[in-house]
Amino acid sequence: MKLELRLQSWGLAVLLVLVLRLPPEVDAVCEVGWTEFDHNCYNYVSTKATFPEAMGLCIREGYDLLEINSASEASFIQKFVKANNSTSAWIGVNDLVVEGQWVSSSELTPLKYNNWGPNQPDNYENEEDCAEFYPNLDWNDYSCRKRNDFICEGHELEY
C-alpha cells in the first residue's frame, strides 16, 4: 500500500511539473471598437474614401486594407458589411501593376481566394483597377478614384 501511494504521489508530482513547464497561453484581443474573427481584427470605416486613401488610412494605423482569404472570412465580412448598412466596401485587391493580374494590395502576391461576381472583373471603361465587396459576397472591379466604405484588418494584440 505504501508503494502504491508513493507511485501515485510520484505520478502526481510529474504531472504537476509538466503542467508548470507548459508555456502560459497568451491572451490575444482586438483594440476597443474592433471585431475579432479567426485571430484577426476588423474595423469597419464608414467614411467614404478613394482606394488609395483607404489603404493609406489603414496603413497609418498599422493595419492593412481587408484582404479576404477564405469563404469563411467572406461570410463573416458579409455579416459585418450588412451590420453597417453598407452596399459595398473596398477590399485590398487590385490590378494596378499589370492589367488583369489581380493581387493582394499589401504584398502584391496572387490572390489566395476570390469571388468575382458574374462577368467580373470587366474593367469597365478601361478604368476599374480596384476591388469592392458586395453584401451578396460578390466582388466587383471599380474605379480606384471612386469613394467607398472600407475595412481595415490586422492581427490580434498579444498581452
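A brief report on the enclosed structure follows. Everything numeric here is computed off the predicted structure, so don't read it as measured data. (Residues numbered from 1 in each chain as written. Predicted model: local features only at pLDDT ≥ 70, side-chain atom pairs only at ≥ 80, totals over all residues. Heavy atoms only, no water.)

### Things to note about the packing of aromatic side chains
Rules: A pair of Phe, Tyr and Trp rings is counted when the ring centres sit within 6.5 Å of each other, with Trp represented by its six-membered ring. The angle between the planes then sorts it: under 30 degrees is stacked, over 60 is edge-to-face, the rest tilted.
Summed over all chains, the structure comprises 11 aromatic pairs. Every member of this aromatic cluster is reached through a ring pair, and the members are Phe37, Tyr42, Tyr44, Phe76 and Phe80.

### Focus on unusual backbone geometry
Worth spelling out the cut-off: The helix and strand labels rest on DSSP assignments: H or I over at least four residues marks a helix, E over at least two residues marks a strand, and numbering proceeds from the N terminus.
Gln120 connects to Pro121 through a cis peptide bond whose omega is -5°. Mapped onto the fold, Pro121 is located in the loop between strand S6 (103-104) and strand S7 (130-133). A positive phi angle, near 55°, is found at Leu108, a position not held by glycine. Examined against the element boundaries, Leu108 turns out to sit in the loop between S6 and S7. Positive phi, normally seen in glycine, also occurs at Asn126, with a value near 55°. Take Asn126: it is sitting in the loop between S6 and S7.

### A short note on the state of the cysteines
Under the convention used in this document: A pair of sulfur atoms, both from cysteines and within 2.5 Å, is called a disulfide here. Residue burial is assigned from relative accessible area. The probe radius is 1.4 Å, only protein chains are included, and a residue is buried under 20% of its type maximum, exposed over 50%, and partly exposed in between.
Taken as a whole, this structure holds 3 disulfides when the rule is applied. Shown here is the disulfide that connects Cys30 with Cys41, its sulfur atoms set 2.1 Å apart. A torsion of -90° about the S-S bond marks the disulfide between Cys30 and Cys41 as left-handed. With Cys30 in the loop between strand S1 (28-29) and strand S2 (35-37) and Cys41 in strand S3 (residues 40-49), this pair connects stretches of sequence that are 11 residues apart. Of the residues examined, Cys30 reaches a relative accessible area of 16% and is grouped as buried.

### Let's talk about the nonpolar core
This is how the line gets drawn: The set of buried Ala, Val, Leu, Ile, Met, Phe, Trp, Tyr and Cys residues whose side-chain atoms join them within 4.5 Å is what this entry labels a nonpolar core. The contact rule is simple, with two residues in contact once any of their heavy atoms fall within 4.5 Å.
Among the nonpolar cores identified, the biggest contains 19 residues, and Ile68, Ile77, Ile91, Trp139 and Ile151 are the most heavily contacted of them. Top element by residues in this core is helix H3 (residues 71-83). It accounts for 5 residues. When neighbours within four sequence positions are excluded, Ile68 is seen to be in contact with Glu73, Ala74, Ile77, Ile91, Tyr113, Phe133 and Trp139. Judged by nonpolar contacts, the second largest core, of 16 residues, contains Cys41, Ala49, Met55 and Tyr63.

### What to know about the pairing of S7
Look at any regular strand and the pattern is simple: side chains alternate between the two faces of the sheet. The cut-off we apply is this: Two strands pair if DSSP finds at least two bridges between them.
Side chains of S7 alternate between two faces, with Cys130 and Glu132 and Ala131 and Phe133 buried alike. In terms of strand pairing, strand S5 (residues 89-94) meets S7 through 4 bridges, oriented antiparallel. Looking across to S7, one finds that Ala89 is bridged to Phe133. The sheet contact formed by S7 and strand S8 (residues 139-142) spans 4 bridges and is antiparallel. Looking at the pairing, Cys130 lines up with Tyr142 of S8. Counted along the chain from S7 to the antiparallel partner S8, the turn is 5 residues long, and its residue Leu137 has a positive phi close to 85°.

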